[in-house]
Amino acid sequence: MGKINYKNDLIVSLQNKESNIGIIGLGYVGLPLALTYTQNNYKVIGFDIDIIKVKSINKGKSYILHVSDKKLDEMRIKGLLEATTDFKRLNEVDAIIICVPTPLNKYREPDLRFIRATLTSICKYLRPGIIISLESTTYPGTTEEEIKPAIEKLGMEIGEDIFLVYSPEREDPGNVKFKTTNIPKIIGGITRNCNDVGYALYENVISEVIPVSNTRTAEMTKLLENIHRAVNIG
């Protein structure tokens, strides 16, 4: 019996919009991204530890200024969007997109406690044939040093059994010209196979997806963008 080709099966499922998308962290990045997927006919399950946010989404009520109640409720009624605090439901999704915050600590370094807590929650439910995309803003090396070892401890080979990419969130709240769908999306995978699956994850919902050579390069692009923005504002 031949080895299962998880890469090809997952790519086809993503391209045909048969895959369920799980988005962890339903803040100003996660919720608009969830809506973007549902508006392109993907089923999305949103995960958050904040019960107030979860209840609000499941009532069709937005808590983010540039996300309308009408759009949120429309996707909820269609059965394409729901939210939960129950991480056991990760076994229902084929893609996990992590959009948790990374506030700066007292040393002005990214605080990874939310990423690490998310890892603890999701590792219980990981299985072969899924993709994980980290979108949280962080320093170069985080995906490789934090998430990759946690997956490998489960006995799964990255790039063959499970796929791992970094794709930095790029939001400009209040800008009517640029929204989630038309801001170019950078992706960098641990392996070439990861890049290929990552491209399939985003290609149907983002107008331009730009693969780069690896996760560190993708992480660096976000750092450079933030520096450029800070200098311009300054």
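Scroll up a little and you will see the structure.
This one's a predicted model, so the numbers in the text were calculated from it and none came from an experiment. (Residues numbered from 1 in each chain as written. Predicted model: local features only at pLDDT ≥ 70, side-chain atom pairs only at ≥ 80, totals over all residues. Heavy atoms only, no water.)

### Things to note about helix α6 (residues 142-152)
All buried positions along α6 are accounted for by T142, T143, E146, I147, A150 and I151. Across the axial projection of α6, the buried residues extend over an arc of 115°, all falling on one side. (Buried < 20%, exposed > 50% of the residue type's maximum accessible area, 1.4 Å probe, protein only. Helix = DSSP H or I, 4+ residues; strand = E, 2+ residues; numbered from the N terminus. Arc of directions from axis to C-beta.)

### Details of the state of the cysteines
Overall, the coordinates contain 0 disulfides when judged by the stated rule. Here C99 is not disulfide-linked; the sulfur of C123 is the nearest cysteine sulfur, at 17 Å. With no disulfide of its own, C194 has C123 as its nearest cysteine by sulfur position, at a separation of 15 Å. Overall, the relative accessible area of 0% leaves C194 in the buried class. (Disulfide = S-S within 2.5 Å.)

### Topic: the pairing of strand β6 (residues 162-166)
Counting buried residues along β6, 5 of its 5 residues qualify, which places the element largely inside the surrounding structure. Both faces of β6 are covered, namely the face carrying I162, L164 and Y166 and the face carrying F163 and V165. Inspection of the sheet shows strand β5 (residues 130-134) paired to β6 by 5 bridges, in the parallel sense. Looking at the pairing, I130 lines up with I162 of β6. Taking the sense of rotation as the criterion, the β-α-β connection linking β5, α6 and β6 turns out right-handed. Across 2 bridges, the pairing between β6 and strand β7 (residues 185-189) is antiparallel. Residue V165 lies in a different strand from β7, and its bridge partner there is G189. (Pairing = 2+ DSSP bridges. Right-handed = clockwise from strand over helix to strand, strands pointing away.)

### Things to note about the environment of E82
Considering the arrangement of structural elements, one finds E82 in strand β3 (residues 81-84). Judged by relative accessible area, E82 falls into the partly exposed class, the value being 23%. Separated by 139 residues in sequence, E82 and T221 have C-alpha atoms that sit 32 Å apart. Leave out the neighbours within four places in its chain, and E82 touches K43, V44, I45, G46, N58 and R89. Among the polar contacts made by the side chain of E82, one reaches the side chain of R89 at a distance of 2.8 Å. (Contact = heavy atoms within 4.5 Å. Polar contact = N/O pair within 3.5 Å; in protein donor to acceptor, adjacent residues only side chain to side chain.)

### Quick notes on the sheet that holds β5
Spatial strand order, β3-β2-β1-β4-β5-β6-β7-β8: 8 strands in an open sheet with mixed pairing. Among the strands making up the open sheet, the edge pair consists of β3 and β8 (209-212). Here the strands of the sheet are splayed against their neighbours by 25° on average, with no regard to which way each runs. Inspection of the sheet shows strand β1 (residues 21-24) paired to strand β4 (residues 95-98) by 4 bridges, in the parallel sense. Residue I23 lies in a different strand from β4, and its bridge partner there is I97. (Axes fitted to C-alpha atoms, helices over the stretch in contact; angles between N-to-C directions.)

### As for the side chain of R89
By the element assignment, R89 lies in the loop between β3 and β4. Judged by its relative accessible area of 19%, R89 is buried. In this structure R89 touches I45, F47, E82 and T84, once residues within four positions along its chain are discounted.

### Focus on helix α3 (residues 51-58)
For an α-helix, the turn length of 3.6 residues means that residues three or four places apart are oriented alike. The complete set of buried residues in α3 reads V54, S56 and I57. With its buried residues spanning 165° around the axis, α3 presents them on a single face. For α3, the exposed residues lying more than 90 degrees away from the buried face are I52 and K55. Where α3 is buried, its residues meet α2 (30-38), α4 (69-77) and β3. For α3, the N-terminal capping position is held by D50, with its side-chain oxygen 2.9 Å away from the main-chain nitrogen of I52. Just beyond α3, the residue with positive phi is G60, at close to 75°.

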